[in-house]
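# Breakdown of the fold
In case you want the letters, here they are:
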Amino acid sequence: EEMKAHTKKLSDLRKNEDPRLSFSTPEFREAQRIFTENFKKNFGRPVEWALVRKYPWSTPTLEKLEVPVDVSGNPWPLD
């Protein structure tokens, strides 16, 4: 009985919700997929900062790279 009252209260709260704010809509999933793909490619910009490990036993530190690289680690074309 208590659980029924609780679920009814939750459904009443959801009644006034804007469906555009839902994270399960196809539009949101598509936007999230596009953002994730671009994030993996660094939004088409060169990587200038990276976690660099000087020696195999040292902890990685965030350092500015001398030469910008792409996400695969290849040198970024400067022209």
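Here goes a summary of the coordinates provided. These figures come from a predicted structure and were not determined experimentally.

Calculation criteria
- Residues numbered from 1 in each chain as written.
- Predicted model: local features only at pLDDT ≥ 70, side-chain atom pairs only at ≥ 80, totals over all residues.
- Heavy atoms only, no water.
- Phe/Tyr/Trp six-rings, centres within 6.5 Å; stacked < 30°, edge-to-face > 60°.
- Buried < 20%, exposed > 50% of the residue type's maximum accessible area, 1.4 Å probe, protein only.

Our focus in this paragraph is the packing of aromatic side chains. Enumeration over the complete set of coordinates arrives at four aromatic pairs. Ring geometry for F35 versus F43: centroids 5.5 Å apart, planes at 55 degrees, classification tilted. Since its relative accessible area comes to 49%, F35 is described here as partly exposed. By relative accessible area, which is 43% here, F43 ends up partly exposed. Ring geometry for Y55 and W57: centres 5.1 Å apart, planes at 5 degrees, overall stacked. Grouping aromatic residues by their ring pairs yields a cluster made of F35, F39 and F43.

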